[in-house]
Amino acid sequence: MNSIGTRLIVLLTICAALIVGAGMALDYRYTREEILQRVVSQSTGEAAAVVSDLENWLSGVEGATRFLGQLIARQQYSRDDLRAMLREVVANNPEIYGAAIALNPLTSEDGDAFAPYFFRDYDFISYADLSSAEADYANQDWYRIPAQSGEARWSEPYFDSGGGETDMTTFSAPVYRADESGAQQLYAVVTADVRLEDLQTVLRQLHQGDNSYSLLLSREGVLMSTRTQANVMRHYSEVAGKGLDDPAWGALFGRALDGEAVSADMPCPERDGQCTLRMGRLETTGWPIGLVYDQAEVLAPLHAYEVKTATISGATLLLMALALGFITSRQTRPLRELTLAAEHMGRGEMDYPLPRARGKDEVARLVGAFTRMNSDLRTYIDDLAESTASRSRLEGELAAAREIQMSMLPGGGEARCDEGRASLWARLEPARMVGGDLYTWHRDGSQLWFAIGDVSDKGVPAALFMARAISLLQQLAGSVHGPEQALAALNDMLEQDNPSCMFVTAFLGVLDTETGMLRFASAGHPAPSLLRGDSARSLRPASGPALGLARGVHFSANSLQLEAGDALALYTDGIEEAFDSDDNMFGVERFNQVLATCAGQPLAEAGGQLLAAVSEHAGAAPQHDDITLLLLRYCPASECAFTPGQGLTGRVLAWLEPTLTAWKVCGDVKGETKLIAEEMATNIDHHGGLEKGEKIAMRLVHAGDRLALEARDPGRPFDPLRQAVRAPLAAGIDAAPVGGLGVHLIEKLSDGQRYRRENGHNLLRVEKRLSRADLPPRAFQAATEQAVAEQAVAEKAPVGDQAMKLTTTVTTDEASSVARVALDGALNTDTAPNFEQRLQAVIDEGYQLTILDMRDLDYISSAGLRVIFKAAKLTHAGGRTLAAANRKPHIEKVFEILKALPDMAVFANEQELDDYLAHMQAKTREDNA
């Protein structure tokens, strides 16, 4: 089908086939209707003749019966005379199969039943007596119904048992005589029988083909004649077969019974295919009569004709297709040769010969046009090869220039930096192979220098000017006092040897990472946006002119105190002036709206979300300017290194306490953070395998809406989140293991945990979300300075001075066998050993109930819980009880998190404890009694 000639042959042949097919379809339709009409007309005539014969036959039967009835009604005959008269009627009327005179037993002279019956038995006339008890003619329908109704009528078909012994239908006429009072009394019922077999013989004359057949039904719907003899004497609804049990067929029967001529198509009842049923009614008897004929049989001549026509048409179409193929092949040969030549030309074989142009038709003109095109293509290809080589060299040079330019930027165009208390992220997306945007940063002690700039124009000139600007900027970073002075010096340097009057807008900032103070200056650059909490706004700094246009320009100094978690977004005008296909600008307002949704996200994710919003806004519109985005986040932190061993918990908490207090962290979060820090440090001390002299570094970072606690140690690789042994929660006293609770506390009290192995160190970071605190900016500086000052104190102070205190007071009731141990202070790693000894001594006294009164207990860690677990298991094994009373909410929370000792007795207050003690005393008295 790839050839025009082939498509032409196929299309023309299909069109011709459709036309011939449409003509045959129309011919078939109209011829079919004509044949069916002819069949209807023919069948109507044949049916009329058969029906006329039946009407005459049945009318003769009725007439003979009525005449016999009139004779016996006029005068009295002896029974022998009645028999003789009846025999003559049967003998002289061949259309009658049998006849009977049944006297009314109630009005007969002697009161006896009398019912002689004569019928044809082949060539003889046979006699049967129907007055026997077995025959019981008085209850037969042929007698009973006319006798009751007083009207002559045809009976429903029946099998005559005791008489003719065959299927028949009977015409019965009642005979009346006047009695002595003149009243008419039933004297007899005169009958004449017609065999169904004789009716079927007449109806066989009514047919329309070998598969057609006639139908004759009684008024009640009993089949008297049909194609299948087995269905005779059955109601039509009982006959199995397609169509006969259809409700629509029953409706047709009803209409025919009412005297209406009906016709319908239906599935053939006794064979596959579609049949037509035509029905009417015999006026003499009221019986529906019909003809069923097979449409396929009737239309067989038409089908044969259509097959012959289709064969001739197919042969004609084949010859036409062959002729079309020959003619088309001759006419399209030049086109095929021209196509082959074009394919070779497409592969660069410009010397391939073209076909000769013959004549002046369209093909000849096309060949001439191809010849001229071939010549022009040769010239164009030579020119294109030369220009392509030049362009390839230029693209290679631009690619090298791009690599060089990107290498001058930190990270090669996308970089991130974590400078302890400050984090930076930046990305540059040039509009062309090379661009004029720039960014950089430099750390000088606690001073973090960072800058962003945008050179006028685009392309190679902007890239060269950008390279010069960033080189000078990196030289100036840290060498001058303030950002405004650095911009002034950079401006004077760029103004020299700048005949093209190119310029650059720039923003230069210096952040003191210890205090969060930001000093910055702007040279005509878009104002940065500040993200504080969950809102973003644009700053309004004092700004100066762009750099490189004039010497001796002064720039204003600006300052901003950053708070914990603050983020600063710096960008070039490629973001602000990003247009969509309808020339709508992205704008600063939209930028700040997207920036506000990035609160709390890592800088890389926030930057990706901002640039994705710009790209989504632009849609299919091309990027017309370079895009650069730099994000800075300030996160104040406190750090300290600790020597493992005795007193570690006290030293960690002594470092952590003043920092959390200075940062005004609320009480619950403060206590939970201290508990997390203790569990982290204790876990490293017990499982880190640290060598002598190696230390544990702890770092606390305030990142606005969260606290991050980091623990770093040089011990063996160990991920506590996955490798630490954990105790099953909610276990009873017998099954509860001692230990394995610390990791549970870390995970349940924090909002995120992350472990990684970095540079031979284990690094565990735990984060806890905070509600936004109204913390004055200077509080971070004060807290940081205080924490730094106290780090040395935390490491050098004696262990006893740093340890958290726990006081225990024991009171006993010997009579009730109750000991109360009151705890005051903190039950943690440092205080747990002494408390365990004190509690063990109390338990050894054998008191039936030992109560841990936690009214004044301010703090509990997994180390304290381990002591309680041991004591609970010990008392339970001895059949005694360890109970807890007056637990504070935050102590209750620790127990709830760890599902600690669910079957341990717990008393929320003194009243519950007193009630329990009273119950124990009462029970003891009952036992003693």
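What counts, and where the lines are drawn
Residues numbered from 1 in each chain as written. Predicted model: local features only at pLDDT ≥ 70, side-chain atom pairs only at ≥ 80, totals over all residues. Heavy atoms only, no water. UniProt positions renumbered as here; feature names shortened; annotations may be inferred. Pairing = 2+ DSSP bridges. Helix = DSSP H or I, 4+ residues; strand = E, 2+ residues; numbered from the N terminus. Salt bridge = Lys/Arg side-chain N within 4 Å of Asp/Glu carboxyl O. Phe/Tyr/Trp six-rings, centres within 6.5 Å; stacked < 30°, edge-to-face > 60°. Buried < 20%, exposed > 50% of the residue type's maximum accessible area, 1.4 Å probe, protein only. Lys NZ or Arg CZ within 6 Å of the ring centre and 35° of its normal. Axes fitted to C-alpha atoms, helices over the stretch in contact; angles between N-to-C directions. Contact = heavy atoms within 4.5 Å. Parallel < 35°, antiparallel > 145°, perpendicular 65-115°, else oblique. Left-handed = near helix turned anticlockwise from the far one by under 90°. Nonpolar A, V, L, I, M, F, W, Y, C, P; charged D, E, K, R; others polar.

In the nomenclature of an unreviewed UniProt entry, the chain is known as HAMP domain-containing protein of Mangrovimicrobium sediminis. Comment text from UniProt for the chain, heading Subcellular location (unreviewed entry), reads "Membrane".

Draft legend 1. The pairing of strand S3 (residues 124–129), seen in detail. Of the strand pairs in this sheet, strand S2 (residues 116–121) and S3 are connected by six bridges, and their pairing is antiparallel. Across the sheet, the residue bridging to Asp121 is Phe124, located in S3. Counted between consecutive antiparallel strands, the loop separating S2 from S3 contains two residues, among which Tyr122 sits at a positive phi close to 60°.

Draft legend 2. Expanded view of the pattern of salt bridges. Enumeration over the complete set of coordinates arrives at 23 salt bridges. Glu758 is the partner of Arg756 in a salt bridge, and the nearest nitrogen-oxygen pair spans 3.0 Å. If you follow the salt bridges from partner to partner, you end up with Arg699, Glu710, Arg765 and Glu767 in one network.

Draft legend 3. Molecular detail of the packing of aromatic side chains. For the coordinates displayed, the defined rule picks out 14 aromatic pairs. Taken together, a centroid distance of 5.3 Å and an interplanar angle of 80° make the contact between Tyr137 and Tyr143 edge-to-face. Owing to a relative accessible area of 3%, Tyr137 belongs among the buried residues under this scheme. Every member of this aromatic cluster is reached through a ring pair, and the members are Tyr97, Tyr117 and Phe119. Above the face of the Tyr187 ring, Arg177 is positioned so that its terminal group lies 3.8 Å from the ring centre.

Draft legend 4. Expanded view of the sheet that holds strand S9 (residues 223–225). The five strands lie next to each other as S9-S8-S12-S11-S10, forming an open sheet whose pairing is antiparallel. At either end of the open sheet lies a strand with only one pairing partner, and these are S9 and strand S10 (262–267). Within the sheet, the average angular offset between the axes of one strand and its neighbour, ignoring direction, is 30°. Both S10 and strand S11 (residues 274–281) contribute to a ladder of six bridges, which runs antiparallel. Bridging across to S11, Asp265 finds its partner in Thr276. Of the strands in this sheet, strand S8 (213–217), S9 and strand S12 (288–294) touch helix H4 (residues 196–203), which is tilted by about 60° from S9.

Draft legend 5. Representation of the sheet that holds strand S14 (residues 422–429) within the structure. Spatially, the six strands line up as an open sheet ordered S13-S14-S24-S23-S19-S20, and their pairing is antiparallel. Looking at strand neighbours, the two that pair on one side only are strand S13 (414–418) and strand S20 (535–538), the edges of this open sheet. Sheet twist, expressed as the average angle between the axes of neighbouring strands with direction ignored, equals 15°. Of the strand pairs in this sheet, strand S23 (residues 567–571) and strand S24 (residues 627–634) are connected by five bridges, and their pairing is antiparallel. If you follow Tyr571 over to S24, its bridge partner there is Leu629.

Draft legend 6. View of the packing of helix H12 (residues 587–596) against helix H13 (residues 603–618). Packing of H12 against H13 leaves a shortest axis separation of 9 Å and a crossing angle of 140°. In this view, H12 runs oblique relative to H13, as classed from their interaxial angle. Our pair here, H12 against H13, has a crossing hand that is right-handed. Here H12 contributes Arg590, Phe591, Val594 and Leu595 to the contact with H13, which in turn contributes Gln609, Leu610, Ala613 and His617. When the residues that make up the contact of H12 with H13 are grouped by side-chain class, the tally is five nonpolar, two polar and one charged.

Draft legend 7. Quick peek at the environment of Ile289. Mapping Ile289 onto the fold places it in strand S12. Judged by relative accessible area, which is 7%, Ile289 ranks as buried. In sequence terms Ile289 and Leu217 are 72 residues apart; their C-alpha atoms lie 6.4 Å from each other. The contacts of Ile289, once residues within four sequence positions are left out, are Val51, Leu54, Leu203, Leu215, Leu216, Arg278, Met279, Gly280, Arg281 and Leu282.

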